[in-house]
Amino acid sequence: MNKKLQAVFDQAKLENRAALIGYMPAGFPNLEFSKRIIAAMVDGGVDIVEVGFPYSDPVMDGAVIQQAAEIALQNKTSLQDVFEVVNSVDVPALVMTYWNPIERAGVANFVAGLAKSGGVGVITPDLTIEESAEWISATKENEIGRVYVVAPSSSDERLPKVVDACSGFVYAASLMGVTGARTAVSGAAQQLVERVRKHTNLPVAVGLGVSTREQAAQVAQYADGVIVGSAFIKLVLEAADEKDALERVKVLASELAQGVRGK
Amino acid sequence: MERTEILGHFGQFGGRFVPEALIAALEELEAAHVAAKLDPDFQNELAELHRTYTGRPSIITEAKRFAQHAGNATILLKREDLNHTGSHKINNVLGQALLTKRMGKKRIIAETGAGQHGVASATAAALLGLECVVYMGEEDTKRQALNVARMKLLGASVVPVTTGSRTLKDAINEAMRDWVTNVESTHYLLGTVAGPHPFPTMVRDFHRIIGVEAREQVLNLMGRLPDAVLACVGGGSNAIGIFHPFIDDVGVRLIGLEAGGSGVETGKHAATIVGGSPGVLHGTRSYVLQDENGQTVESHSISAGLDYPGVGPEHAYLHEIGRAEYRAITDDQAMHAFALLSKTEGIIPAIETAHALAGALQVGNELGSEAILLINLSGRGDKDVKTAANYFGIPL
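Rules and cut-offs
Counting from 1, residues in each chain are numbered in the order their sequence is written. Chains carry letters from A onward and ligands carry numbers from 1 onward, assigned in written order. The predicted nature of this model means local features are confined to residues of pLDDT at least 70 and side-chain atom pairs, given and counted, to a pLDDT of 80 or more, with totals for whole chains, interfaces and linings taken over all residues. Water and hydrogen atoms were dropped before computing side-chain values, which therefore reflect all heavy atoms in the structure. Numbering of helices and strands starts at the N terminus; helices are DSSP runs of H or I of at least 4 residues and strands are runs of E of at least 2. With C-alpha atoms as the basis for the radius of gyration, the globule rule is written as 2.2 Å multiplied by the number of residues raised to the power 0.38. Relative accessible area decides the class of each residue, using a 1.4 Å probe on protein chains only: under 20% of the type maximum gives buried, over 50% gives exposed, and in between gives partly exposed. By definition, residues are in contact when any of their heavy atoms lie within 4.5 Å. For helices, the axis comes from a line fit to the C-alpha atoms of the stretch in contact; other axes are also lines fit to C-alpha atoms, and the angle between any two N-to-C directions lies between 0 and 180 degrees. For classification purposes, an angle smaller than 35 degrees is called roughly parallel, one larger than 145 roughly antiparallel, one from 65 to 115 roughly perpendicular, and anything else oblique. Classification convention: Asp, Glu, Lys, Arg as charged; Ala, Val, Leu, Ile, Met, Phe, Trp, Tyr, Cys, Pro as nonpolar; all other residues, Gly among them, as polar. At least two bridges found by DSSP between two strands are what make those strands a pair. A pair of aromatic rings is counted whenever rings of Phe, Tyr or Trp (Trp by its six-membered ring) have centres within 6.5 Å, and the orientation is called stacked for planes under 30 degrees apart, edge-to-face for over 60 and tilted otherwise. Points on a 1 Å grid, built from protein atoms alone, make a cavity when a 1.4 Å probe fits but cannot get out and make a pocket when they are open with protein on both sides within 12 Å along at least 5 of 7 lines; residues with an atom within 4 Å of a point are the lining residues. Grid points are joined across faces, edges and corners, and a volume is the space filled by probe spheres set on the points. By buried area we mean how much accessible surface two parts lose on assembly, using a 1.4 Å probe and totalling the loss over both. By convention in these notes, a salt bridge is any Lys or Arg side-chain nitrogen within 4 Å of a carboxyl oxygen on Asp or Glu. For this analysis, a polar contact is any N or O atom pair within 3.5 Å, provided that within protein one partner can donate a hydrogen and the other can accept it, and provided that sequence-adjacent residues contribute only side-chain to side-chain pairs.

Focus: the overall build of chain A
Per the secondary structure count, chain A includes 12 helices and nine strands. For 263 residues, the compact-globule estimate of 2.2 N^0.38 gives 18 Å, and the C-alpha radius of gyration of chain A, at 17 Å, lies within 12% of that figure. Projected onto its principal axes, the C-alpha positions of chain A cover 50 × 45 × 30 Å. Looking at chain A as a whole, 63% of its 263 residues are labelled buried. Long-range contacts, defined here as pairs at least 24 residues apart, represent 72% of the contacts in chain A between residues at least 6 apart.

This is how it looks when you write it as C-alpha cells:
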C-alpha cells in the first residue's frame with residue numbers, strides 16, 4: 001500500500017467524506033496545458049489525480065475520452081510525457097493505462113519510471129489477474145499501488161480474487177458499459193461496493209457515469225472515493241479558450257468537492 | 001510435438017486482456033463451447049447444417065494450368081469459396097450462432113472488414129432468428145458497398161465506425177464497447193482467431209473442418225500428404241483452420257501469407273508477424289503492428305479482409321516455435337496471382353485469397369514439379385470486382 005495514497009483516504013475518512021478523484025489524459029489538449037488543467041482540478045478540490053496514458057484502442061472508453069485520446073495521440077504523447085505530467089501534480093497521482101503501453105515499455109522499466117516521477121499507483125482496466133504475475137511482483141517492490149476495476153458482473157467467486165490483487169484502492173465500475181457521463185448513477189454501484197467491502201479494508205472508489213455534484217454526493221454516501229473523468233474533458237472540449245477551460249474545470253471540481261462532502 | 005494450450009495460452013501468447021465486466025461472459029462462452037464440443041446433439045446439428053446449408057464437404061480442385069506458373073508443382077485448391085456466402089467464414093458463424101441460442105441470447109454483434117464475416121453473420125442470424133448488428137469501419141463500407149447492401153438485405157443493421165483508422169481494428173473496438181454494455185443479452189460473434197480466450201480456440205475449432213476434410217481428400221487423391229499447406233493470414237482464421245489438423249504431420253510445411261501492402265520495408269503493410277512485434281491488442285497477446293509507445297500502427301493492404309494490425313495468438317506461437325512460416329505478399333504480387341488464377345482456371349478468388357496463391361507461385365517454383373501444394377481457396381472474388389477493375393484499369 002502506498003502511504004501517500006492511504007493518507008488521502010484516511011484524511012477524507014476523518015472528515016467523514018469521500019475522496020474526489022479526477023481523470024485527465026496527459027497531452028490533452030497539449031502537454032503543457034494538460035498540466036495546467038490538472039492544477040486547476042486540484043485547485044478546485046480534487047484529492048487524487050488519475051493521469052491517463054492515451055491509447056490508440058481504448059475499448060473501455062466512450063466518445064468523450066476517445067476524442068481526448070485521439071487529440072493527445074496527434075500530439076505524439078509519449079511515456080516520458082505521461083511521467084512528466086505525473087511529476088507536475090501536487091497531490092497523489094496515479095496513471096490510468098491500457099496494458100499494451102506498459103508491456104511495450106517493459107514492466108520493470110515502467111514501474112521504475114513511475115516511482116521516480118513520484119507516481120503512487122496504476123489503474124489497469126484491461127489487465128486481468130490471470131495475466132498479472134510480473135506486474136504484481138514489480139509493483140510490490142516499488143510500493144506502487146495496483147488498482148483493478150471490478151464490475152457488477154464480477155461473480156462472487158471471482159470478486160475476492162480481484163480485490164485481493166488490489167493495493168491502494170479498488171475501482172468499482174458503477175455499471176456495465178464504457179466511460180462517459182450518465183443522467184443517473186446506476187443502482188448497481190452501491191450493491192457492488194457492499195460486495196467488495198466483505199472482502200477488503202481497502203478504500204473503494206466508484207467510477208463510470210459520475211458528472212455532477214448531486215451524483216457525487218449520492219455516491220459519497222456509500223463509497224470512499226468518487227471518480228470523475230469525462231465531465232472534466234467535456235468542459236475542455238467545449239471551452240472557448242484556455243482561460244475559459246481552466247475556470248470551468250476549477251468550478252466543476254469545487255462543485256464535486258462539495259458533493260463528496262455531502263453538500 | 002508438445003504444444004501448450006493451458007487457460008487459453010499458446011506459449012507466451014493468447015490469454016485474456018479485457019475489462020473485468022467481460023470476464024463473466026467469456027467464462028460463460030468458454031463453458032458453452034466446451035460443453036458443445038462434447039455434446040453429440042450439438043455436433044450433429046452443426047454437421048447437418050454444414051451438409052444441407054453450407055454445402056460441405058467443400059471440394060478439391062487441381063489447378064493444372066495455374067501450376068504451369070508454379071514450377072509445375074501439383075496445386076490443389078480447397079474450395080471454401082464455394083461455401084454458402086462465398087467464403088470459409090460461414091463455418092465459424094454457424095457454430096457460434098448455435099452456441100448463442102444455447103446460451104439463451106437473442107442478439108449477435110459482429111465486426112467486419114471485407115464484409116465476408118458480416119455477411120456470414122447476417123446470414124446465420126436470419127437462419128436462426130437472431131437480431132444482428134454489424135460494426136464496419138466507414139472506410140470499409142465504401143470499399144465494400146456491395147457487402148453492406150447484402151447485410152442489409154439479410155435483415156442486419158450495419159453501423160459505420162468513424163473513429164481511428166475507420167477500418168477493421170476500429171470496428172472491433174466499437175463491437176467490444178457494445179458488448180461491454182449489452183453483454184447480458186448479446187453474444188459477440190468474433191470473426192477471427194484473435195481476441196480474448198476462448199475466441200482463438202473456439203473459432204479455430206469451428207474452422208478445423210477445412211483441414212480435416214482436406215487432409216483426407218489429399219490422401220485419397222494423391223496417396224500421400226502434401227509437401228506444404230498455404231493460406232492467407234489476416235487475423236488468421238482460414239489459415240489456422242487448414243493448418244491445425246496438419247500440425248502433427250511434421251513433414252508438411254505450413255506457410256502463412258500475410259499482406260505486404262506496398263512492401264514491408266515501406267511501413268505500409270499489414271504483415272503483422274513478418275513486420276510486427278509481440279504485444280497486446282483486442283484482448284490477446286500476439287504480434288502487433290505498434291510504435292515505440294505501444295500504440296497500434298495503422299495497417300495497409302489492398303485487401304480489406306487482411307487489413308488488420310494484429311494476428312491470432314496461435315499463429316504467433318506456431319511462428320515462435322518454428323512450426324509454421326510466414327511471408328509477406330505485396331499488393332502487386334497478390335493482384336498478379338488474382339489475375340492469373342482467373343485467366344488460367346476460371347476461378348476469380350477473393351483478393352485476400354490471392355495472397356495465398358501468390359505464395360503458391362513462389363513455393364511451387366522453389367520446390368519444383370514433384371511437390372504437392374494444398375492451398376486454402378478461402379473466398380471468392382465477387383465482392384472484389386470493383387477493386388480489381390480499378391487496379392487493372394477496366395472501365396466500369
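Re the packing of helix α13 (residues 331-345) of chain B against helix α14 (residues 351-367) of chain B
Residues and elements named next belong to chain B. The N-to-C vectors of α13 and α14 enclose an angle of 90 degrees; their axes lie 7 Å apart at closest approach. Judged by the inter-axis angle, α13 sits roughly perpendicular to α14. Each of Q333, A334, M335, H336, A337, F338, L340 and L341 in α13 lies in contact with α14, whose residues at this interface are I351, A354, H355, L357, A358, L361 and Q362. When the residues that make up the contact of α13 with α14 are grouped by side-chain class, the tally is 11 nonpolar, four polar and no charged.

Details of the sheet that holds strand β4 (residues 121-123) of chain A
Residues and elements named next belong to chain A. Strand order in the open sheet formed by nine strands is β5-β4-β3-β2-β1-β9-β8-β7-β6, and the pairing between neighbours is parallel. In the strand order of this sheet, the two ends are held by β5 (145-147) and β6 (149-150), each with one partner. With four bridges connecting them, strand β7 (residues 170-173) and strand β8 (residues 204-207) associate as parallel partners. Across the sheet, residue V170 finds its bridge partner in β8, namely V204. Each of β1 (19-25) and β9 (225-228) is contacted by helix α12 (residues 242-260), which is oriented at about 150 degrees to β1, the strand it contacts most.

Observations regarding the packing of aromatic side chains
Residues and elements named next belong to chain B. Within this structure, the stated rule accounts for 11 aromatic pairs over all chains. Considering the side-chain rings of W179 and F199, the 6.1 Å spacing of their centres and the 65 degrees angle between planes classify their relative orientation as edge-to-face. Of the two residues, W179 sits in helix α8 (residues 168-182) while F199 sits in helix α9 (residues 199-222), which places them 20 residues apart along the sequence. Considered together, W179 and F199 belong to a single accessibility category, that of buried residues.

Overview of empty space enclosed by the protein
Applying the stated rule across the entire model yields eight cavities of 30 Å³ or more. There is about 340 Å³ of room inside the largest cavity. If you trace the largest cavity, you find 32 residues lining it, with H88, K89, G305, L306 and E352 of chain B closest to the centre. Taken together, the residues that form the lining of the largest cavity break down as eight nonpolar, 19 polar and five charged. Considering only enclosed or pocket space, the second largest cavity measures out at about 230 Å³ in volume. In terms of lining, the second largest cavity is formed by 24 residues, of which the most central are Y23, D61, I65, M96 and T179 of chain A. Counting residues per element, the ones that place at least two in the lining of the second largest cavity are β1, α3 (63-74) and β9 of chain A.

Here's the deal with the interface of chain B and chain A
Chain B puts 34 residues into the contact, and the matching count from chain A is 35 residues. Interface of chain B and chain A: buried area, both sides summed, is about 2800 Å²; carbon and sulfur atoms make up 46% of it. Taken together, the links from chain B to chain A amount to four salt bridges. A salt bridge links E20 of chain B to R158 of chain A, with the shortest nitrogen-to-oxygen separation between them at 2.4 Å. On inspection of chain B and its partner chain A, the count reaches 22 residue pairs in polar contact (both at pLDDT 80 or more).

Quick notes on the pairing of β1 of chain A
Residue and element names in this part refer to chain A. Along β1, seven of the seven residues are buried, which leaves the element largely enclosed by surrounding structure. Side-chain alternation along β1 places A19, I21, Y23 and P25 on one buried face and L20, G22 and M24 on a second face that is also buried. Pairing of β1 with β9 involves four bridges; the strand directions are parallel. Residue pairing for β9: A19 is matched across the bridge by G225. The pairing of β1 with strand β2 (residues 48-52) spans five bridges and is parallel.

As for unusual backbone geometry
Look at the link from F28 of chain A to P29 of chain A: it is a cis peptide, with omega at -10 degrees. With respect to the helices and strands, P29 of chain A occurs in the loop between β1 and α2 (31-44). With an omega of 15 degrees, the peptide bond between H197 of chain B and P198 of chain B qualifies as cis. Considering the arrangement of structural elements, one finds P198 of chain B in the loop between β8 (186-188) and α9. Of note, the phi angle at E143 of chain A is positive, near 55 degrees, even though the residue is not glycine. Within the secondary structure, E143 of chain A sits in the loop between α7 (133-141) and β5. The class of E143 of chain A is partly exposed, set by a relative accessible area of 40%.

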